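Examining the three-dimensional arrangement
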Amino acid sequence: MRHQTLFLIAGKITALIATFAIPLVLTRLLSKEEYGIFAQFYVVVFFCTGIFNVSMQSSMYYFYPTADDHTRKSIVLQTLIFLFLVAVLAVALLSIPPVGQLIIGEGALLDYKFFILAGVILFMPIYILEPLYVVKKDTITSLVYPPAEVVLRISMIIMMYLVNPELSSVFYGILLSATFCALFVLIYSFREIGLKNVRFDMVNYGLLRQQLKYNIPFGMATSILILFERFDKIICISFLTPAQFAIYAIAFFGIPGILQVFDSLSQVYLIRMTVSHQENRTHDLVNIYKSLVSKTFSFSFPIMLIVMLYAKKIILLLFTENYLDAVPFFRVYLISVMIFMLSSGLILRATGITNITLRTYVRSAVFVLPLTYFLARYLGLWGAMTGALISIGLPKIWNLFREMKLVGSSFAKFWPWREFRLIAMISVMAFVPYALAEVFLEYNIITTIILAVSYIAFVALLEMLYGIFPFDVTSILQRLPLGNLFLGKLNVKNSGYTT
């Protein structure tokens with residue numbers, strides 16, 4: 001499991017590094033208005049694919065690990081068929097003018113409706129790939145595919161734009177890369193299914209009902225969550241100009257890579273939790289959860305602090321001075337990192353009680369959606385950001401309290417408070433001199449990068465000394481030259497929170 005997690009994280013981090021090229025290139029090739037339309041395109045496409053797939057692919061984490069070979073083939077085939085059908089349904093609904101205008105708006109984005117519809121069709125089947133290579137423990141694909149997909153996308157975008165320097169060429173590049181990825185996903189999926197074995201009787205209706213029974217409550221909850229997280233942006237398509245939307249989109253850049261690491265860890269830990277539950281070891285769920293959140297907090301909190309400190313320089317480097325208006329919004333949005341790192345809803349998914357998640361989001365929607373609408377409409381960018389944070393936080397916190405009740409734990413015992421306190425103290429104390437240097441000294445971006453890396457390294461070293469580093473330091477250092485010497489010098493402890 002340790003190696004699988006590291007390969008998943010490595011693949012996503014490498015993909016993230018490659019993803020930097022997209023805003024670096026497009027904010028320089030496109031005007032702010034054009035970049036705003038590009039950002040609106042991405043919001044609408046992934047809003048629609050996320051809403052309509054009702055997270056059907058996530059049911060593979062629950063059913064695949066303990067299923068026999070024939071059942072596994074049925075699970076993959078049924079999931080693939082489902083994704084194709086809902087893609088067609090989404091395109092059909094968006095093609096109805098009143099529905100399409102409600103989502104796409106009536107502004108400049110409407111001129112690119114064809115690209116949105118094609119994007120929904122092409123991106124939908126790709127959702128099956130990550131759950132499939134995770135449950136198969138295919139470390140090579142988990143390492144290679146994410147960065148390869150990003151490199152292909154930016155290559156196609158640049159190639160098409162050089163041929164014809166217009167915004168439509170950017171969209172053609174995206175669709176062309178998505179076509180290649182969709183073909184790869186189909187080949188990969190049918191290798192698992194066995195193309196020669198595909199028959200109508202492979203559709204197991206009893207199993208399909210179980211998948212839907214498990215997934216529809218959770219999937220609808222996930223769709224509502226996506227609605228919560230992106231409703232402000234959908235509303236802003238109608239109420240903000242493309243240039244204003246560009247500023248708002250940059251604010252949600254967040255901490256590149258952090259959510260990908262959360263996802264990778266959560267996927268592996270979800271399988272551990274699911275197996276423990278199915279083996280009637282429910283008492284292990286809290287310990288597994290503590291192990292997960294101690295890891296996520298150990299790197300997310302110090303990274304959040306240093307990114308907040310250097311936010312202006314980050315925006316200037318990645319997006320040029322035209323987007324410096326996004327800095328305050330960017331800093332405020334970083335607060336959401338602390339919400340995501342708590343991995344809300346994971347225990348509910350592992351135990352199969354996904355209807356609780358659905359009820360939580362439905363109840364939250366009654367309050368959150370109208371509030372977000374009025375905040376975005378009447379207070380503009382700051383109102384939309386406030387609504388976004390409330391939308392992200394309220395249902396997740398509510399779910400966490402339901403999970404405490406489910407496992408018979410209390411607020412005081414549910415989280416690893418000792419690790420939280422130590423990590424916070426280490427991160428803040430180490431942060432002070434860097435903050436003072438930023439206030440009183442002037443230095444270039446190269447020095448800033450060196451300082452940021454040194455801060456993270458310093459915090460990691462202190463976490464090793466106090467035995468709260470998220471990975472097994474002993475096994476890591478033993479593989480390095482002079483590693484045993486460092487082990488002897490540092491007397492590194494092992495907190496027990498290993499992957």
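Residues numbered from 1 in each chain as written. Predicted model: local features only at pLDDT ≥ 70, side-chain atom pairs only at ≥ 80, totals over all residues. Heavy atoms only, no water.

**So, the overall build of the protein**
The helix and strand inventory of the protein stands at 24 helices and zero strands. Looking at the protein residue by residue over its 499 residues, the buried ones come to 57%. Long-range contacts, defined as pairs at least 24 residues apart, comprise 82% of the intrachain contacts of the protein with a sequence gap of at least 6. When the accessible surface of the protein is totalled, it reaches about 21,800 Å², and 68% of it is carbon and sulfur. (Helix = DSSP H or I, 4+ residues; strand = E, 2+ residues; numbered from the N terminus. Buried < 20%, exposed > 50% of the residue type's maximum accessible area, 1.4 Å probe, protein only. Contact = heavy atoms within 4.5 Å. Areas by Shrake-Rupley, 256 points an atom, 1.4 Å probe, with all protein chains shown as cover.)

**Things to note about the confidence of the model for the protein**
Chain-level pLDDT for the protein is 82 on average; 88% of the residues reach the 70-or-more range. When mean pLDDT is compared element by element in the protein, helix H7 (residues 113-123) scores highest at 94, while helix H24 (residues 483-490) scores lowest at 54. Long-range and interchain partners of residues 492-499, a stretch whose pLDDT sits below 50, account for 33 contacts in this model, where long-range means more than four residues apart. (pLDDT = per-residue confidence, 0-100.)

**Observations regarding the pattern of salt bridges**
Enumeration over the complete set of coordinates arrives at five salt bridges. The partner of Lys313 in a salt bridge is Glu438, and the shortest N-O contact between them spans 3.4 Å. Placement of Lys313 in helix H15 (residues 311-319) and of Glu438 in helix H21 (residues 417-440) is noted, with a sequence separation of 125 residues between them. (Salt bridge = Lys/Arg side-chain N within 4 Å of Asp/Glu carboxyl O.)

**A closer look at a nonpolar patch on the surface**
Among the surface-exposed residues, Val428, Val432, Leu436, Val439, Phe440 and Leu441 lie close enough to one another that they form a single nonpolar patch of about 600 Å² accessible area. With respect to the helices and strands, Leu441 occurs in the loop between H21 and helix H22 (445-465). (Patch = residues over 30% accessible without salt bridge, like charges linked within 9 Å, V, L, I, M, F, W, Y side chains within 5 Å.)

**Section: the side chain of Lys233**
If you trace the backbone, Lys233 turns up in helix H11 (residues 205-239). For Lys233, the residues in contact, after removing those within four places along its chain, are Val43, Phe245, Tyr248 and Phe252.

**What about the packing of aromatic side chains?**
Inspection of every chain in the model, using the stated rule, returns 33 aromatic pairs. A centroid spacing of 4.8 Å and a plane angle of 70° characterise the contact between Tyr248 and Phe252, whose relative ring orientation is edge-to-face. Among the residues examined, Phe252 registers a relative accessible area of 14% and is labelled buried. The interplanar angle of 10° and the centroid separation of 6.2 Å between the aromatic rings of Phe401 and Phe411 together place this pair among those described as stacked. Linking Phe401 in helix H19 (residues 354-406) with Phe411 in helix H20 (residues 411-414), this pair joins segments that are 10 residues apart in sequence. Above the plane of the ring of Tyr323 lies Lys32, whose end atom (NZ or CZ) is 5.6 Å from the centre. Here the basic side chain of Lys136 rests over the ring of Tyr188, its NZ or CZ set 4.6 Å away from the ring centre. (Phe/Tyr/Trp six-rings, centres within 6.5 Å; stacked < 30°, edge-to-face > 60°. Lys NZ or Arg CZ within 6 Å of the ring centre and 35° of its normal.)

**Here we look at H7**
For H7, the buried fraction is high: nine of the 11 residues fall into the buried class. Those residues of H7 not exposed but buried are Lys113, Phe115, Ile116, Leu117, Ala118, Gly119, Val120, Leu122 and Phe123. Looking at the packing, one finds that the buried side of H7 touches helix H3 (32-52), helix H5 (69-94), helix H6 (97-104) and helix H10 (167-193).

**Quick notes on the environment of Glu106**
Relative to the helices and strands, Glu106 resides in the loop between H6 and H7. Separated by 132 residues in the primary sequence, Glu106 and Ser238 place their C-alpha atoms 7.1 Å from one another.

**Examining the packing of H5 against H7**
As a packed pair, H5 and H7 sit with axes 8 Å apart at the nearest point and diverge in direction by 165°. Classified by the interaxial angle, the pair formed by H5 and H7 is roughly antiparallel. For the element pair H5 and H7, the recorded crossing hand is right-handed. Residues Ala87, Val88, Ala90, Val91 and Leu94 of H5 touch H7, and the partners they reach there are Lys113, Ile116, Leu117, Val120 and Ile121. (Axes fitted to C-alpha atoms, helices over the stretch in contact; angles between N-to-C directions. Parallel < 35°, antiparallel > 145°, perpendicular 65-115°, else oblique. Left-handed = near helix turned anticlockwise from the far one by under 90°.)

**Observations regarding the environment of Met341**
Its location among the elements puts Met341 in the loop between helix H17 (336-340) and helix H18 (346-351). Note on Met341: relative accessible area 4%, which makes it buried. Distance in space between the C-alpha atoms of Met341 and Leu259 is 8.2 Å, their sequence separation being 82 residues. Aside from chain neighbours lying at most four places away, what touches Met341 is Phe262, Val293, Thr296, Phe297, Ser300 and Phe420.

**Things to note about H10**
Note on helix geometry: an α-helix contains 3.6 residues per turn, so any two residues three or four positions apart are oriented the same way. Along its 27 residues, H10 runs 39 Å from first to last C-alpha, staying within 8% of the 39 Å computed at 1.5 Å per residue. Looking one or two residues beyond H10, the residue adopting positive phi is Gly194, at roughly 90°. (Expected span 1.5 Å × (residues − 1).)

**Comments concerning unusual backbone geometry**
For Thr320, which is not glycine, the phi dihedral falls at a positive 75°. Residue placement: Thr320 occurs in the loop between H15 and helix H16 (327-333).

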